[in-house]
Amino acid sequence: MRSTGILLSCFLAVNAFGQNKPFQNPVQRAFRNAYVTQQGETLLLTDAITQALARSYQIKGLQTQEQVAVNDRIPANAGFYPLVTGNVSSNGGLQNINQKFIDNIRPPQVQTGLFNRTTTAGVNLNWTLFNGFANLNTYKRLGELIRLSQINTRVSVEQTIADVATAYYDVVRQLQQLLSFRQALDISRDRLELAKANYEVGTRSKVDYLTAQVDYNADSVTLLTQEQSLKSAKILLNTLLIRDPLTEFAIRDTIIAKPDLNLEQIRQNMANNNPLLATAALNRRLADLDIRLARAQRQPVVSVQTGYNFQFIDNQGGFGVATGRNNGLTYSVAAAIPIFAGGNLRRLEANARANALAAEYQQANQEVVLQQAVAQTFTQYQNSLALLNVEVQNYKIALENIDIAYDRYRVGNSTAVEFRDVQRNAVAAQARLFTAEFNAKAAEIELLRLSSTISQQFLGQPEVPSK
C-alpha cells in the first residue's frame, strides 16, 4: 500500500498528486495548493466497473436464471418428441391347496408350498401427433423467455455500470470539496496568524484575533465533516464493488462532462436499444403466444400409443396354464375433441386476449415513461452545463477577490467581517462549481443508460440491439 497526495489548483479545481507538505504562506493566494493524502491503490473507473460486474450477486442470479431458460428450450419440453417408457412387473404368491372335488372322480388334492408367478415386461410409446400446434407455439414461447432473461441481465448490467460510475464521480466530488475546505482552512490560518501578530503589536484589537480563531475552528469542523462525507462516499462505492466497505483506495480523476450529447441521437438509441422497451415488446409477444395456446385447447388432440410386451407364467398349482410365454405388439390411435367444458376454454381465451391488450398498454406506457425520463434528464444535463460555465467564471472572480480582500485586511483597509464574507463566497462558489460538474456528469451517465450506450462508453463494448 502507498500514500498518494492529491493537489488542487484553485483556479481550475484540477487534481494533481504529490506528498503532504507543511504549511507555507503563499506569495500569491490564487495559486495556493492544498494537499490530501490518500491511502491504498489507485482505483480507475474502468477497473471499478469491471469488479462490480464480476462480483454482483444480482447479475450472477440473473445469469443463472438465463441458463435455466436455455436449458428449458428443448423440443421435448415443448412436446415434440414421444414419451417412451419401459415397464417391468412381477407378481407371485406361495399357496397351500386342500381340494375335494364334487364328482369324486379325482382324489382329494393336498399340496403345500406351491409357487405361482407372472412376470410382464414391455416398452410403450405415447406420442401426441397433433394438438392444435400447441407444441410449436410452446417452443416459440421458450425461445422468447430466453431473450427475456438475457435482456433482464442486461438491464442489471447497465444499471450497475451507472450506479458505479455515479458513485465513483461522487467520490471525486467529495474529494474535491475536501480539498476546497482544506484550502479555506489554510486561508483562515493565514488570517489567524496575521490577527495574532497584529494583536501582539497592538495594531488590532483582541476581538479581531478571537474572531479569527473562532472562524478557524469553524472551518476545522467543516473540514472534519467533509472528511466523513468522503468516507461515506467511499463506503458506498466499496459496497457496489462487493468488497470490504472500509477498503482504502486512491482516485486520480477529475469530473469532465461531455458537452455535446445530442437529444435526437439519444432518443433514437433508446428506441432501438433500451432493454426496458425490449422487455415490453417481448411481453407483448408472449401474450400473443398465450392466445394461440389458449385457442389450441379447442382443437382435437390426436395421439398414438404402441408397445411391445412379454409375459412369463409359472403356475404350480390349481387349474389352467402351468407355464406360458406370451409376447406381442399393441397399438392404438386416439383422437380427443373438446365439445363442452362449461365455458372454461372460452374463459381462458378471453383472459389471454385481455393479457395481450394489457401488454400492449404497458409497452405504450413504457415508451411514454422513457421519453419523459430522457426529456427531463436532458434538460437537467443542459442546465447543469450552463450553470457550470457560469460557476467557472464566478470561481475565477471569487479567487481574485479573496486575494484582494486579504491584502486589504492585512493593511487595515477592511474588517474581519468583510474578509470572512469574501472567503465564504469563494468557498460557496467552488462548492457550486463542483456540484454543477457532478450534476452534469450524473445526468450524462443517466442519458447513456437510457440510450443503452453506457457499456460502449465505459467499457468499449458494442451496442446490442434489443429488437
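Parameters at a glance
Residues numbered from 1 in each chain as written. Predicted model: local features only at pLDDT ≥ 70, side-chain atom pairs only at ≥ 80, totals over all residues. Heavy atoms only, no water. UniProt positions renumbered as here; feature names shortened; annotations may be inferred. Helix = DSSP H or I, 4+ residues; strand = E, 2+ residues; numbered from the N terminus. Buried < 20%, exposed > 50% of the residue type's maximum accessible area, 1.4 Å probe, protein only. Expected span 1.5 Å × (residues − 1). pLDDT = per-residue confidence, 0-100. Contact = heavy atoms within 4.5 Å. Pairing = 2+ DSSP bridges.

Per an unreviewed UniProt entry, the protein chain is named TolC family protein, and its organism is Fibrella aquatilis. Quoted verbatim from the Sequence similarities (unreviewed entry) field of UniProt, the annotation for the protein chain is "Belongs to the outer membrane factor (OMF) (TC 1.B.17) family." The record in UniProt for the protein chain states the following under Subcellular location (unreviewed entry): "Cell outer membrane".

Colleague: Before we go on, may I ask you to explain the environment of Thr211 in this structure?
Modeller: Mapped onto the fold, Thr211 is located in helix α5 (residues 206-240). Through-space distance from the C-alpha of Thr211 to that of Ala416 is 7.8 Å; in sequence the pair is 205 residues apart.

Colleague: Please explain unusual backbone geometry as it appears in this structure.
Modeller: If a residue is not glycine, its phi is most likely negative; likewise, a peptide bond is most likely trans. The residue Phe133 is not glycine, and still its phi comes out positive at about 65 degrees. For Phe133, the position within the fold is in the loop between β6 (109-130) and α4 (134-201). You will see that Ile242, though not glycine, has its phi angle at about 55 degrees, which is positive. With respect to the helices and strands, Ile242 occurs in the loop between α5 and β7 (249-250). Given the relative accessible area of 33%, Ile242 is considered partly exposed.

Colleague: What's the story with α5 in this structure? I'm lost.
Modeller: Given 3.6 residues per helical turn, the α-helix brings residues three or four places apart onto the same face. In this model α5 runs 52 Å from its N-terminal to its C-terminal C-alpha over 35 residues, within 8% of the 51 Å that 1.5 Å per residue would give. Phi turns positive one or two residues past the end of α5, at Ile242, with a value near 55 degrees.

Colleague: Looking at this structure, I do not really get the confidence of the model for the protein chain. What am I missing?
Modeller: Reading predicted coordinates in detail is not appropriate for stretches of low pLDDT. When pLDDT is averaged along the protein chain, the result is 85; 90% of the residues meet or exceed 70. Least confident of the elements in the protein chain is strand β2 (residues 14-17), whose mean pLDDT is 32; most confident is helix α2 (residues 57-72), at 96. Confidence drops under pLDDT 50 across residues 1-31; counting only partners more than four residues distant or on other chains, this segment forms 98 contacts.

Colleague: Quick question: what am I supposed to make of the pairing of strand β8 (residues 301-315) here?
Modeller: Every other side chain in a regular strand lies on the same face of the sheet, so the side chains alternate between the two faces. Relative to β8, β6 runs antiparallel, the two sharing 14 bridges. What sits directly across from Ala121, in β8, is Phe310. Of the pairings in the sheet, the one linking β8 to strand β9 (residues 323-336) comprises 14 bridges and is antiparallel in character. Counterpart to Asn309 in the pairing with β9 is Gly328.

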